[in-house]
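Each chain, letter by letter, is given below.
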Amino acid sequence: MPLIERVLTIVIVVFGTMFTRFISFMIFPEGKRVPVYIIRLGRVLPYSMMGLLVVYSMKNVLIKENLLAGNHGIAELISVIFIILLQKWKKNMLLSILLGTVFYMFLVQKIFVHIYM
């Protein structure tokens, strides 16, 4: 990629990022009342996104013909149970995401190597 294309790409990304950051302040200035539906979306969207991420990450497990065939989905199931228990115990989403990811990577790379290779 030539230098001019790299510079233009960086400039476009910077302006796009700045636009998405500042548009909310333009739409909802400090003195203006925020609509109720925007406040509601602010409360429910984080949970909806987490649900969407769970479904997306489990899609390859869920669309197989036979879920119980061989060891298919065992690492994922163990990881989901681990994350649920960790979340109930510590009630810290960031910790659950971090340790859940590390635990899943450990299972896939050390325990269930033969399945995923």
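For clarity, every value in this text was computed on a predicted model and none was experimentally measured.

**Quick look at helix α5 (residues 93-111)**
Okay, so step 1: The end-to-end C-alpha distance of α5 is 25 Å, a good match for the 27 Å that 19 residues give at a rise of 1.5 Å each.
Okay, so step 2: Listing the buried residues of α5 in full gives Ser 96, Gly 100, Leu 107 and Val 108. Looking down the long axis of α5, one finds its buried residues gathered within 85° of arc, a one-sided arrangement. Across α5 from its buried face, at more than 90 degrees, point the exposed residues Leu 94, Leu 98 and Lys 110.
Okay, so step 3: You can read the cap of α5 off the contacts: a side-chain oxygen lies 3.2 Å from the backbone nitrogen of Leu 94, and it is on Asn 92.

**With respect to the environment of Ile 111**
Okay, so step 1: Here Ile 111 lies in helix α5.
Okay, so step 2: C-alpha separation for the pair Ile 111 and Ala 75, spaced 36 residues apart in sequence, amounts to 8.7 Å.

**What about the packing of aromatic side chains?**
Okay, so step 1: By the definition in use, this model includes one aromatic pair.
Okay, so step 2: In this structure, Lys 59 packs its charged tip against the face of Tyr 56, placed 4.4 Å from the ring centre.

**Regarding the confidence of the model for the chain**
Okay, so step 1: For the chain, the average pLDDT comes to 87, and 90% of its residues sit at 70 or higher.
Okay, so step 2: Element-level mean pLDDT values for the chain span from 67 in helix α6 (residues 113-116) up to 95 in helix α1 (residues 3-27).

**What to know about unusual backbone geometry**
Okay, so step 1: The residue Lys 91 is not glycine, and still its phi comes out positive at about 55°.
Okay, so step 2: The exposed category is assigned to Lys 91, whose relative accessible area is 65%.

**Considerations on the side chain of Ser 96**
Okay, so step 1: If you trace the backbone, Ser 96 turns up in helix α5.
Okay, so step 2: Its relative accessible area of 3% is what places Ser 96 among the buried residues.
Okay, so step 3: The contacts of Ser 96, once residues within four sequence positions are left out, are Ile 83, Leu 86 and Gln 87.

**Remarks on the side chain of Glu 76**
Okay, so step 1: Among the secondary structure elements, Glu 76 is positioned in helix α4 (residues 74-90).
Okay, so step 2: Here Glu 76 falls in the buried class, since its relative accessible area comes to 9%.

**A closer look at a nonpolar patch on the surface**
Okay, so step 1: There is a patch of nonpolar side chains on the surface, built from Leu 3, Val 7, Ile 10, Val 11, Val 14, Phe 15, Met 18, Phe 19, Phe 22, Phe 25 and Met 26 and spanning about 1,100 Å² of accessible area.
Okay, so step 2: Along the chain, Phe 15 falls in helix α1.

About the cut-offs
Residues numbered from 1 in each chain as written. Predicted model: local features only at pLDDT ≥ 70, side-chain atom pairs only at ≥ 80, totals over all residues. Heavy atoms only, no water. Helix = DSSP H or I, 4+ residues; strand = E, 2+ residues; numbered from the N terminus. Expected span 1.5 Å × (residues − 1). Buried < 20%, exposed > 50% of the residue type's maximum accessible area, 1.4 Å probe, protein only. Arc of directions from axis to C-beta. Polar contact = N/O pair within 3.5 Å; in protein donor to acceptor, adjacent residues only side chain to side chain. Phe/Tyr/Trp six-rings, centres within 6.5 Å; stacked < 30°, edge-to-face > 60°. Lys NZ or Arg CZ within 6 Å of the ring centre and 35° of its normal. pLDDT = per-residue confidence, 0-100. Contact = heavy atoms within 4.5 Å. Patch = residues over 30% accessible without salt bridge, like charges linked within 9 Å, V, L, I, M, F, W, Y side chains within 5 Å. Areas by Shrake-Rupley, 256 points an atom, 1.4 Å probe, with all protein chains shown as cover. Salt bridge = Lys/Arg side-chain N within 4 Å of Asp/Glu carboxyl O.

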